[in-house]
Amino acid sequence: MSKKLFIETLGCAMNVRDSEHMIAELNVHEGYELTTDAREADLIMINTCSVREKPVHKLFSELGVFNRLKKEGAKIGVCGCTASHLGKEIIKKAPFVNFVLGARNVSKIADVVHKDKAVEIDIDYDESQFAFKDFRSSGHKAYINISIGCDKQCTFCIVPKTRGEEISIPADLIIAEAAKAALKGVKEIFLLGQNVNNYGRRFSGEHDKINFTELLRRISAVEGVERIRFTSPHPLHMDDEFIEEFAKNPKICKSMHMPLQSGSSEILKAMKRGYTKEWFLNRVEKLRAMVPDVSISTDIIVAFPGESDEDFEHTMDVMRRVRFEQVFSFKYSPRPLTEAEHFTNAIDSEIGSDRLNILQAYADSVLDDLKLTHLGKVMEVYFEELRSDGYVAGRSDNNIMVKVKGSEEHLGKIAKVKITEVSRMVQYGEILA
Ligand code: SF4
């Protein structure tokens, strides 16, 4: 009887890819098969996120639930960023947990399942050259990590303390992974890293020292690859060469995530983001001049310590000037092990909530305006998902979610769709013959 593995993945796309790696290693080396029912699992794992306090709280309530419903003899393991920063505290707080595996120790999964109470959370461990076994949760999109860790020191961010220093993964490993996925019919490659456009600054060992722009060129030359997406680029590294390649390379999807965090240059300095409001707007201007239809999304933190009304007004000024297609916005959440955790000029929580409401209301009003511009448009959509409501869903080149009436036969194909009905987050249409 094969052993059953249940895995819950919280957080970002890099966690999704790390979970796929662990599923593959456990299947090949230990014979585990995936199950969606935790009650029948021999091994239950939670791949955790630490970017804000909420997911950490969620972890311990989830662990309690799994401990109650697990079958006799089943093991429980905690992985990911919360594992990295809490380590053995997790076992102290939840003694039924069998092992803790940090976000930079994914390749050790087949070992730790055999070591009761193992805590492997070394953030200097280097698995940048590890060739993981192959598993993908989607047959149509391939997430590929291009680096591990992060070299930035943004004062609000815990990631460098949970994922360690930034090391680029060798280009030949990345290109081999893209070619393998394309051979299996995957048309879209989604490159992942904390700062993808910082790629190539440091490798372990002797490797082809190329930058991100050159990596994009090489992946777009892989046979069968039709679309390339990536996240997250850092505004600081958006040089002209990168933007020009983005604009002229037909395989690079015309959607760009540009995490602004704050529109105030004073707050950006306190965040150690390394760029100013003017630089950010300059890069947006260049991007839009070269790719008028580009969709730009962003991350914004309001109520960062010391954020005055004037600072917040700078953020709203950028919101009005850029009119982002998507905004991920949050009230500042102090994180352990970060510099800002010790900042004393905290913003009153109510003021923070007011600012977040103002910002999100404006972001929604932009979406309401933008959706009207989609009506009657023809978009090239790559269908990736069959929904239970009889629709197939996919994304346009510039990352707009589109649904059409369809079936399995539409999956994995790129089709021209005329938009006939619009809404804030999803557009509906008909496939043109
Ligand atoms: S760039 Fe900054 S926000 Fe992004 S992961 Fe690195 S430290 Fe965190």
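Residues numbered from 1 in each chain as written. Predicted model: local features only at pLDDT ≥ 70, side-chain atom pairs only at ≥ 80, totals over all residues. Heavy atoms only, no water.

Asker: Pulling in residues and values, what's your account of the overall build of the chain?
Answerer: Tallying secondary structure elements over the chain gives 13 helices and 19 strands in all. Against the compact-globule benchmark of 22 Å for 433 residues, the chain has a radius of gyration of 22 Å, which places it among compact chains. Projected onto the principal axes, the alpha-carbon positions of the chain cover approximately 60 × 60 × 50 Å. Residue burial in the chain is summarised as follows: out of 433 residues, 54% are buried. (Helix = DSSP H or I, 4+ residues; strand = E, 2+ residues; numbered from the N terminus. Rg over C-alpha atoms; globule rule 2.2 N^0.38 Å. Buried < 20%, exposed > 50% of the residue type's maximum accessible area, 1.4 Å probe, protein only.)

Asker: Tell me about the packing of aromatic side chains, and name the residues and values.
Answerer: Applying the stated criterion to the full structure yields 14 aromatic pairs. With 5.5 Å between their ring centres and 75° between their planes, Y391 and Y428 make a pair best called edge-to-face. Of the two residues, Y391 is situated in strand 16 (residues 391-396) and Y428 in strand 19 (residues 427-431); the sequence distance between them amounts to 37 residues. One aromatic cluster is present, formed by F156, F304, Y332 and F343 through successive ring pairs. Directly above the ring of F330 sits R52, whose terminal nitrogen or CZ lies 3.5 Å from the centroid. Residue placement shows K403 over the ring face of Y391; its charged tip is 5.3 Å from the ring centre. (Phe/Tyr/Trp six-rings, centres within 6.5 Å; stacked < 30°, edge-to-face > 60°. Lys NZ or Arg CZ within 6 Å of the ring centre and 35° of its normal.)

Asker: Summarise the pairing of strand 15 (residues 378-386); cite the residues concerned and give the values.
Answerer: Across five bridges, the pairing between strand 15 and strand 18 (residues 414-421) is antiparallel. The residue of strand 18 that forms the bridge with M379 is V417. Alignment of strand 15 against strand 16, held across five bridges, turns out to be antiparallel. For Y382, the partnering residue across the bridge sits in strand 16 and is R395. With antiparallel pairing between neighbouring strands as the criterion, strand 15 and strand 16 make up a hairpin whose turn holds four residues, including G390 at a positive phi of roughly 85°. (Pairing = 2+ DSSP bridges.)

Asker: An account of the environment of D368 is requested, with residue identities and associated values reported.
Answerer: Relative to the elements of secondary structure, D368 occurs in helix 13 (residues 349-374). Between the C-alpha atoms of D368 and R387, which are 19 residues apart in sequence, the distance is 24 Å. A distance of 2.9 Å separates a polar atom in the side chain of D368 from a polar atom in the side chain of R424. (Polar contact = N/O pair within 3.5 Å; in protein donor to acceptor, adjacent residues only side chain to side chain.)

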